[in-house]
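# Remarks on the overall topology
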Amino acid sequence: EAKRQGAGLWQAFSPSLAAAQDRRIQVERRLRRALQEGELDVSYQPIVELGCDEWSTFEALARWTDAELGPVSPLEFIRVAEESGLINELGQFVMQRALQQSVAWSARWSRRVTVNVNVSATQLMRPDFVGQVEQLLVSTGAHPRQLTLEITEAVVIQQLDFVIGQLQGLRRRGVGVAMDDFGTGFSSLAVLSRLPIDALKVDRAFVRGVYREPRRQALLSAVVLLGQRLEISVVAEGVEEQRELDVLQGLGCTHAQGYYLSRPADAASFDSA
Ligand code: C2E
Ligand code: MG
Ligand code: MG
Ligand code: MG
């Protein structure tokens, strides 16, 4: 795109743009290599059922520290992966690891442990996505009910019918679907009215400082009610303080996730949980 607009000219006058492009190319090159070498990691962050001491659900989050680039934020490398076509491979890697982990924890703790895996729009648009997920469930020995896919509203803006079909196929087998970052897209309600989902994850923008922001609290309260009426669970994302948790519990929110409860960490650090 930049090329068509005359990247040469732009670069001559905009060193920051040139630097950003260099970085993008480097990240893509190193990421491609890291995927081939199996160098990515997966961290886990519990999704806590409020009032319950046991942790049974964990969100899998991709992590990458490159030998040359150092640690790279998922916000950066996920976007590069989406733009360069590497996201399918990356997503498969994370899902496989997460399913293996859920099986291992279930055996260790003698209870069903489930994992949430983030799925990008481009993955969901692939006609072979449902088959890929089924294959990973079989190869890891995980039960479909041990997996929830986290999708964002961006997923569904285009090709809603096709995406609904894919998700329905998986839900029939027991795989869960959660809407991530709820409230940050533009079509939340329109999408909700058509998409089969099992949980709403309210973006942390609505949780942060909710105890001193009446408008935020009103919105949060409305989303909790929405979840109750739809009979799906509501997860508050990004809880960093007890005071936020107090408000959430007062509103009847059932699940929460955030640094205050637990930071994302490697699997081994939860082994004694
Ligand atoms: P997300 O799915 O909404 O994940 C939650 C993000 O919020 C994570 O950032 C997590 O570390 C962070 N977080 C959790 N609790 C708190 C808190 O209390 N305060 C604050 N400030 N942040 C908190 P992370 O790991 O950097 O991931 C960023 C995003 O990258 C994720 O947002 C997700 O959209 C994407 N991502 C990560 N892993 C994958 C993956 O395997 N596949 C895909 N497609 N996307 C991924
Ligand atoms: Mg997520
Ligand atoms: Mg989220
Ligand atoms: Mg979020």
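Residues numbered from 1 in each chain as written. Chains lettered and ligands numbered in written order. Predicted model: local features only at pLDDT ≥ 70, side-chain atom pairs only at ≥ 80, totals over all residues. Heavy atoms only, no water.

## Structural notes on the overall build of the protein chain
For the protein chain, the helix and strand inventory stands at 10 helices and 11 strands. Seen through its principal axes, the protein chain has C-alpha atoms that stretch 55 × 45 × 40 Å. Expressed as a percentage of its 273 residues, the buried residues of the protein chain come to 47%. Considering only contacts in the protein chain between residues 6 or more positions apart, those separated by 24 or more positions represent 68%. Roughly 14000 Å² of accessible area belongs to the protein chain as shown, and the carbon and sulfur atoms make up 50% of that amount. Of note, the protein chain has its 29 positive side-chain charges centred 2 Å away from the centre of its 34 negative side-chain charges. (Helix = DSSP H or I, 4+ residues; strand = E, 2+ residues; numbered from the N terminus. Buried < 20%, exposed > 50% of the residue type's maximum accessible area, 1.4 Å probe, protein only. Contact = heavy atoms within 4.5 Å. Areas by Shrake-Rupley, 256 points an atom, 1.4 Å probe, with all protein chains shown as cover. Lys, Arg positive; Asp, Glu negative; His and termini not counted. Charge placed at Lys NZ, Arg CZ, Asp CG, Glu CD.)

## Let's talk about the coordination of the magnesium ion (ligand 2)
The protein atoms that coordinate the magnesium ion (ligand 2) are Glu59 (OE), Asn118 (OD1), Glu150 (OE) and Asp180 (OD), at distances spanning 2.0 to 2.2 Å. Sequence spacing of the donor residues for the magnesium ion (ligand 2), all on one chain, is E-x58-N-x31-E-x29-D. The metal-metal distance between the magnesium ion (ligand 2) and the magnesium ion (ligand 3) is 3.5 Å, with Asp180 serving as a donor to both. Of this pair, Glu150 sits in strand 6 (residues 147-151) while Asp180 sits in strand 7 (residues 176-182); the two residues are 30 residues apart in sequence, bridging distant segments of the chain. The exposure class assigned to Asp180 is buried, which follows from its relative accessible area of 6%. (Donors = N, O, S within 2.8 Å, 3.2 Å for Na, K, Ca; no water.)

## Considerations on the confidence of the model for the protein chain
Predicted coordinates in regions of low pLDDT should not be interpreted in detail. For the protein chain, the mean per-residue pLDDT works out to 92, and 94% of the residues sit at or above 70. Under the prediction, the complex receives an ipTM of 0.98, its pTM being 0.94. (pLDDT = per-residue confidence, 0-100.)

## A few points about the pattern of salt bridges
The full count for this structure, using the stated rule, is 22 salt bridges. Arg24 is paired through a salt bridge with Glu28; the nearest N and O atoms lie 3.0 Å apart. Of this pair, Arg24 and Glu28 both sit in helix 2 (residues 15-37), 4 residues apart, roughly one helical turn. Judged by its relative accessible area of 26%, Arg24 falls in the partly exposed class. Asp198 is paired through a salt bridge with Arg171; the nearest N and O atoms lie 2.8 Å apart. Of this pair, Asp198 sits in the loop between helix 8 (188-194) and strand 8 (199-202) while Arg171 sits in helix 7 (residues 160-172); the two residues are 27 residues apart in sequence, bridging distant segments of the chain. What makes Asp198 partly exposed here is its relative accessible area of 31%. (Salt bridge = Lys/Arg side-chain N within 4 Å of Asp/Glu carboxyl O.)

## Topic: the site of ligand 1
In the vicinity of ligand 1 lie 22 residues, with Arg63, Asn118, Asp180, Glu240 and Tyr259 positioned nearest. Contact between ligand 1 and Asn118: an oxygen atom at 2.9 Å from a side-chain N or O atom of the residue. In isolation ligand 1 exposes 800 Å². Once the protein is present, 86% of that is buried. Because more than half of its atoms lie within 2 Å of the grid, ligand 1 is assigned to the largest pocket. The element contributing the most residues to the shell around ligand 1 is strand 3 (residues 57-66), with 4 residues. (Near = heavy atom within 4 Å. Polar contact = N/O pair within 3.5 Å; in protein donor to acceptor, adjacent residues only side chain to side chain. 1 Å grid on protein atoms, 1.4 Å probe; cavity = no way out; pocket = protein on both sides within 12 Å on 5 of 7 lines; lining within 4 Å. Sits in = over half its atoms within 2 Å of the grid points.)

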